[in-house]
Amino acid sequence: MANLKNLSERIKSVTSIQQVTKAMKMVAAAKVKKAQEKMEISRPYSKSTQDLICRILPQISVSDISLVEKRKVQNTGIIVITSDRGFAGSFNSSVIRLAEKEIEKLGKDSVRLFCLGKKASEYFSKRDFNVKETYFDFWKDMNYDTASNISTSFINAFENNEIDEVHVIYNRFKTLASQDLIIEKVLPVDFTADYSVTNYNYDYEPGQKEIVSTLIPKHINVQMWQQLLESYSSEEAARMIAMDNATENAKEIIKELKLEFNKARQAAITTEMLEIVGGAEALVD
Amino acid sequence: MSKLFKLDIVTPVKTFSFENVSYVKCPGVDGYFGIMKNHTNSIINLTDGTISVKTDKNEVKFSCSYGIADINSDSSDDIEDKVLLLVENAEELDK
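So, here is what we can say about the structure in this document. Numbering of residues begins from 1 in every chain and follows the order in which that chain's sequence is written. All chains are assigned letters beginning at A, and all ligands numbers beginning at 1, according to the order in which they are written. Where totals are concerned, whole chains, interfaces and linings use all residues; where local detail is concerned, this predicted model gives features only for residues with pLDDT of at least 70, and gives and counts side-chain atom pairs only at 80 or more. Excluding hydrogens and water, the side-chain values take into account all heavy atoms of the structure.

1. Some thoughts on the overall build of chain A
Inclusion rule: Under the scheme used here, helices are H or I runs from DSSP no shorter than 4 residues and strands are E runs no shorter than 2 residues, and both carry numbers assigned from the N terminus. Atoms considered for the radius of gyration are the C-alpha atoms alone. The globule rule reads 2.2 Å times the number of residues to the power 0.38. A 1.4 Å probe rolled over the protein chains alone gives each residue an accessible area, and that area as a share of the maximum for its type sets the label: buried under 20%, exposed over 50%, partly exposed in between.
Within chain A one finds five helices and six strands. Listing the helices and strands of chain A from first to last along the sequence gives α-β-α-β-α-β-α-β-β-β-α. Against the 2.2 N^0.38 benchmark of 19 Å for 285 residues, chain A shows a C-alpha radius of gyration of 29 Å, more extended than a compact globule. Projecting the C-alpha coordinates of chain A onto the three principal axes gives extents of approximately 115 × 40 × 25 Å. A burial count over chain A gives 44% of its 285 residues as buried.

2. Some words on the interface of chain B and chain A
Accessible area lost during the coming together of the parts is what is often quoted as the interface size. Defined as follows: Residues count as neighbours in contact if any of their non-hydrogen atoms are within 4.5 Å of one another. Put simply, buried area is the surface a 1.4 Å probe can reach on two separate parts but cannot reach once they are joined, added for both. Salt-bridge detection follows one rule: a side-chain nitrogen of Lys or Arg within 4 Å of a carboxyl oxygen of Asp or Glu.
Contacts between chain B and chain A engage 25 residues on the former and 25 residues on the latter. Across the chain B to chain A interface the summed buried area is about 2100 Å²; carbon plus sulfur atoms make up 61%. The largest per-residue losses of area from chain B upon contact with chain A belong to B:Pro12, B:Ile43 and B:Glu88, which jointly make up 30% of the total buried on that side. If you look at where chain B meets chain A, you find two salt bridges.

3. Section: the packing of aromatic side chains
So the rule is basically this: Note on ring pairs: Phe, Tyr and Trp rings are taken, using the six-membered ring of Trp, and paired if centres are within 6.5 Å. Classes follow the plane angle, with under 30 degrees stacked, over 60 edge-to-face and the rest tilted. We call a charge positioned over a ring when the NZ of a Lys or the CZ of an Arg lies within 6 Å of the ring centre and within 35 degrees of the ring normal.
Across all of its chains, the model carries eight aromatic pairs over all chains by this definition. Look at A:Tyr144 and A:Trp225: their rings are 5.6 Å apart centre to centre, the planes differ by 75°, and that puts the pair in the edge-to-face class. In this pair, A:Tyr144 sits in helix H4 (residues 144–159) while A:Trp225 sits in helix H5 (residues 208–284), placing the two residues 81 residues apart along the sequence. Each member of the pair, A:Tyr144 as well as A:Trp225, carries the same accessibility label: buried. Seen from their ring centres, B:Phe16 and B:Phe62 are 4.7 Å apart, and the 55° between their planes marks the pair as tilted. In this pair, B:Phe16 sits in strand E2 (residues 15–28) while B:Phe62 sits in strand E6 (residues 59–64), placing the two residues 46 residues apart along the sequence. Sitting over the ring of A:Phe158, A:Arg71 keeps its end group 4.1 Å from the ring centre.

4. Observations concerning the nonpolar core
Stated formally: Residues grouped as a nonpolar core are buried Ala, Val, Leu, Ile, Met, Phe, Trp, Tyr and Cys residues, joined through side-chain atoms within 4.5 Å.
One finds A:Phe154, A:Ile216 and A:Leu228 to be the most contacted residues of the largest nonpolar core, which totals 55 residues. Put simply, the parts of the chain that give this core at least two residues each are helix H1 (2–56), strand E1 (76–81), strand E2 (111–116), H4, strand E4 (165–175), strand E5 (178–187) and H5 of chain A together with strand E8 (82–87) of chain B. Ignoring anything within four residues of it in the chain, the contact list for A:Ile216 reads A:Ile53, A:Ile65, A:Leu67, A:Val68, A:Val189 and A:Phe191. Membership of the second largest hydrophobic core comes to 23 residues, among which are B:Phe5, B:Ile51, B:Val87 and B:Ala90.

5. Focus on the pattern of salt bridges
Residue and element names in this part refer to chain A. Following the criterion strictly, the structure yields 14 salt bridges over all chains and no others. With its nearest N and O atoms 3.4 Å apart, the salt bridge here joins aspartate 244 to lysine 25. Remark: lysine 25 occurs in helix H1 and aspartate 244 occurs in helix H5; sequence separation between them is 219 residues. Here aspartate 244 falls in the partly exposed class, since its relative accessible area comes to 30%. Residue classification places lysine 25 among the partly exposed residues on the basis of a relative accessible area of 28%.

6. Let's talk about helix H2 (residues 91–106) of chain A
Residue and element names in this part refer to chain A. Short version of the rule: Helix span, expected: 1.5 Å multiplied by one less than the number of residues in the helix.
Compared with an ideal rise of 1.5 Å per residue, which puts 16 residues at 22 Å, H2 spans 23 Å between its outermost C-alpha atoms and is within 8% of the ideal. Along H2, the residues that are buried comprise Phe91, Asn92, Ser94, Val95, Ile96, Ala99, Glu102 and Ile103. On its buried side, H2 packs onto E1, E2, helix H3 (118–126), E4, E5 and H5. Once H2 finishes, glycine 107 follows within two positions and takes phi at roughly 95°, a positive value.

7. Quick notes on the sheet that holds E1(A)
Residue and element names in this part refer to chain A. Just so we agree on the cut-off: Strand pairing is assigned whenever DSSP detects at least two bridges linking the two strands. Inter-axis angles, ranging from 0 to 180 degrees, are taken between N-to-C directions of lines fitted to C-alpha atoms, where helices are fitted over the stretch in contact.
Sheet architecture is open: five strands sit in the order E3-E2-E1-E4-E5, paired in mixed fashion. If you trace the sheet from one side to the other, it starts and ends with strand E3 (131–135) and E5, each paired once. Direction aside, neighbouring strands of the sheet carry axes that sit 20° apart on average. Here six bridges tie E1 to E2, and the two strands are oriented parallel to one another. Bridge pairing in E2 places isoleucine 79 opposite phenylalanine 114. The sheet strands contacting H2 are E1, E2, E4 and E5, and the helix crosses E1 at an angle near 170°.

8. What to know about the packing of H4(A) against H5(A)
When two helices pack together, their arrangement is given by the angle between their axes and by how far apart the axes lie. Residue and element names in this part refer to chain A. Here is the rule we go by: Angles are sorted into four bins: roughly parallel if under 35 degrees, roughly antiparallel if over 145, roughly perpendicular if 65 to 115, and oblique for all others. Crossing chirality is assigned from the near helix's rotation relative to the far helix, an anticlockwise turn below a right angle marking it left-handed and a clockwise turn marking it right-handed. Residues are sorted three ways: Asp, Glu, Lys and Arg are charged, Ala, Val, Leu, Ile, Met, Phe, Trp, Tyr, Cys and Pro are nonpolar, and all the rest, Gly among them, are polar.
Viewed as axis vectors pointing N to C, H4 and H5 meet at an angle of 120°, and their least axial separation amounts to 8 Å. Considering their axes alone, H4 and H5 lie oblique with respect to each other. As for the relative orientation of H4 and H5, their crossing is right-handed in sense. Contacts between H4 and H5 involve Tyr144, Ala147, Ser148, Ile150, Ser151, Phe154 and Ile155 from the former and Pro217, Lys218, Ile220, Asn221, Val222, Met224, Trp225 and Leu228 from the latter. Classifying every residue of the contact of H4 with H5 gives eleven nonpolar, three polar and one charged.

Laid out in structure tokens, this is it:
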């Protein structure tokens, strides 16, 4: 019967979808774990650089260091971190939505965008925004150099007075089931909250100012690296949840289809039996 | 008295820790310099080059791109010496 054949084909295809989503979920889970480990490893470095900066900065005049100096904001750089691939629920769309809101608040003409990930790059390039730079296809083999390349480019723009402030919009990993969507100011860097005063005497080579002004870009690099990792693990976590839901849904659908299939099969058997009985009765008569 | 000290080479992607180090040679901006126990507290810029670490057992070498050497700067007690090398990119070189 055509109906039966249709149903069995549908069951087959939904089952294979379920297998795919299940596999994607497993892959995402493994990737989250890896990214988490990388994040853990980067912490001592970022903490030590920040500690050093906070110990040296109070001793020197801040106005000499351009990356710390606050100036009047005319143009703002916004770094939007999204993924290259979809299948991650509302992961990308929520970042893009928040970015659009921010751009609207600041005025479209005074914003320069740095789009990370294919999703943001495509979205903003198509819509006539001021996109300064786009980076994509790097997530798969992302390493520390990727992060330093990106931060070097916006540090340069900041130092050339193209932009007076830089914000990053990204998903921060909270738990496997949830991410925090946040905006963070990365430039000019503000360390005042963490200043620590020590009474030790050190030798500095070269001077304090040189050390700090080379250290701050490095600190921004490692921050960028951590933000990329945060976003990456959130992406994979979101994908994991999305795929888990998809697998559950497929299970539901298969259950319904099977029920329908069995009903149809039973109906076919009943009609056949009726036909046979009818035929036999006709012979008896 | 022991002439050994602790050393951490910290990079964003890996940390190498050593317990019993007798001597470290680092590429400073003005040329290579050595660190032994009781070095004066200092913070020194590092440049590209090789870091050689001599422990009580063997010698290990690392490639080093830009970095910072932080020598005893945050040890509140003078008893223990601790050297921290913050390096953006360090790889252990073949022996």
